[in-house]
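Secondary and tertiary structure notes
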Amino acid sequence: MTARRAGRSAAAALGLLPFALYVMLFLALPTLIAVGTGFFDGDGRLTLATVAALGDPLVLSTFYSSFWLSALTAVVGAVVGALVCYALLGARPDGPLRSAVDSISGVLAQFGGIMLAFAFVATIGIQGMVTVYLRDTLGTDIYANGVWLYELPGLILPYIYFQVPLMVITFMPALQGLKPQWAEANATLGGSTGTYWWRIAFPVLAPSFLGSLLLLFANAFSSYATAAALTSQGSQIVPLQIRAALTSETLLGRENLAGALALGMILVMTVVMVGYSRLQSRASRWQQ
Amino acid sequence: MTGAAAGHRAAHAPSRPVQVIILGLVGLVFLIPILAMVEFTMRSGLDGEHNLDRWAALFGGGFATEYRPVFVALGNSVGLAIGTVLIVLVLLVPTMVLIHLRFPRLRRLMEFVCILPISIPAIVLVVGLAPVYSVVARLAGSSVGTLAFAYGITVLPFAYRAVQSNLDAVDVRTLSEAARTLGASWLSVLLRVLVPNLRRGILAGAFISVAVVLGEFTIASLLNRINLQTALLVVSKNDPYTAVIMSLLALAFAFGLLLLIGRLGADRVRTPRRRRAAPLVPKGPS
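Residues numbered from 1 in each chain as written. Chains lettered and ligands numbered in written order. Predicted model: local features only at pLDDT ≥ 70, side-chain atom pairs only at ≥ 80, totals over all residues. Heavy atoms only, no water.

**Side note on the packing of helix α8 (residues 156–176) of chain A against helix α10 (residues 193–222) of chain A**
Residues and elements named next belong to chain A. At a minimum axis separation of 9 Å, α8 and α10 run at an interaxial angle of 150°. Looking at the two axes, α8 sits roughly antiparallel to α10. Pair α8 / α10 crosses with right-handed handedness. Listed contacts from α10 to Y159, F162, Q163, L166, M167, T170, F171, A174 and L175 of α8 are L205, S208, F209, S212, L215, L216, N219 and A220. (Axes fitted to C-alpha atoms, helices over the stretch in contact; angles between N-to-C directions. Helix = DSSP H or I, 4+ residues; strand = E, 2+ residues; numbered from the N terminus. Parallel < 35°, antiparallel > 145°, perpendicular 65-115°, else oblique. Left-handed = near helix turned anticlockwise from the far one by under 90°. Contact = heavy atoms within 4.5 Å.)

Printed below as a string of structure tokens:
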């Protein structure tokens, strides 16, 4: 009997094999290669020289740019997104407004990329709708000091454009988890709306909010397509530097630099995502 | 109880004017770039006139001739989307069911593996995928279709969440034990009992996978494969108008898909009615 059961378990375990193999080949192996190549030189010898390139002033300043771009757009996106979630509290969860906002958020958060670059060229490009309107009607030239859309500052608006919808998607469940009874209890005990938000809602929501903020940071930090489409030259942020390293092998005169940069990105992402999952598990206490 | 039913608004919800101001303002700001794209496609000449000529040209026959590259690329992307969905259906879903039924202890590990791709940026993955794909190209040729394997990883977190939430809501164990007691084979349990019950989760997972694949740029671009997004970027260099029109169409399509996903979810909440043998059930092995 037990032998048969063991046999059946072994057969069932065999069923896990295809997926395990697939994940090994296309997730584990590429990740290991990406992180590992930084430790080898062009001839396959173990070296720390490439990883040391992470300390190069040019690389450091790119990481710094990526960092503040991600942080800035994450903070703006989180605050605006949270406001939208707050406004949506009044709408029926299964009503048409909510489902429309959910779908739009899903599209804009996931689908951005190239399209976002087109959208912002059409909006605030040199001949963009808003640029032309401001110039011809209000006499303001947003490019008086040179065109910044194709430089680092030009990424801020498109990034905010996909950060806000992502915030709406990730933060809405937390806000939805606020129990009406808490507001009622607060009112019964003589608390004002201000006390309710300050003493009850904010502390409950804080872990979710910070968690979403970290997720937004990670999202901007790893984003590539919009920047690649907007800036065809230069490597203002880390993903673009990886592109340069992949397409021309001799950036900074070092081989396998893409691997070292990938390692640097993975390190930042790991710290951020560990923080995210810690905060998320604290937040989930209130969402049952 | 009547109070809760009549006034659905939670006590902490904002007042109507505040709600309208916030949603109106953010909505307007988010509408401007989309409007700018539409306005851009309707520009004619330098004198600021607008017409629908470009849309008419594209729909009236232009599909066949000068925009061929975009349509080849669109075909590639649709093929990749189908391939990715197949990977989800054939590799992910059976494994999740198996773990749910037979290896509950592996559930945390499975969740970790499936959510992991969120923390690995596509641009990092591509650094490691490049050597993997040079081997794949030697074995299976460098056709664009092999990209589906990479996309299967990219959509893993989304598909996993969609299917898992459905898996948690259905008593899979009782259903499969009942079917087994009645003499059904495992394949028959999976196809005729579990898949119909997990239909919504699987469909939602499939749709979100399609949306993600149609929007994917990073991996295709850096592995030098042509898909919809990389082709749009190339086209935009000579013919920005067509590129923008195509982006708008793709955007509308993705929006429709996600609206459909939302409906699937809402249906589940509103009408928990029993279904007869679902139409999705293929003929079981007799």
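Picking up after the structure, the text goes on.
**Some words on empty space enclosed by the protein**
Residues and elements named next belong to chain B. As enumerated under the stated definition, the model contains two cavities of 30 Å³ or more in all. Its boundaries defined by the atoms lining it, the second largest cavity holds a volume of some 40 Å³. Lining the second largest cavity, in full, are M96, I99, H100, R107, M110, Y160, Q164 and L167. At the level of elements, α4 (68–102), α5 (107–115) and α8 (156–169) are the ones that each hand at least two residues to the lining of the second largest cavity. Here the residues of the lining of the second largest cavity are counted per class, giving five nonpolar, two polar and one charged. (1 Å grid on protein atoms, 1.4 Å probe; cavity = no way out; pocket = protein on both sides within 12 Å on 5 of 7 lines; lining within 4 Å. Points joined across faces, edges and corners; volume = space filled by probe spheres on them. Nonpolar A, V, L, I, M, F, W, Y, C, P; charged D, E, K, R; others polar.)

**What to know about the interface of chain B and chain A**
Contacts between chain B and chain A engage 78 residues on the former and 77 residues on the latter. The junction of chain B with chain A conceals about 6,600 Å² of combined surface from both sides, 80% of it contributed by carbon and sulfur atoms. At the boundary of chain B and chain A, one finds zero salt bridges. Our enumeration of links across chain B and chain A arrives at six residue pairs in polar contact (both at pLDDT 80 or more). No other element matches helix α2 (residues 16–41) of chain B, which puts 14 residues into the side of chain B that touches chain A. Among the residues making up the side of chain B that touches chain A, the classes are represented as 60 nonpolar, 13 polar and five charged. (Buried area = accessible area lost by both parts, 1.4 Å probe. Salt bridge = Lys/Arg side-chain N within 4 Å of Asp/Glu carboxyl O. Polar contact = N/O pair within 3.5 Å; in protein donor to acceptor, adjacent residues only side chain to side chain.)

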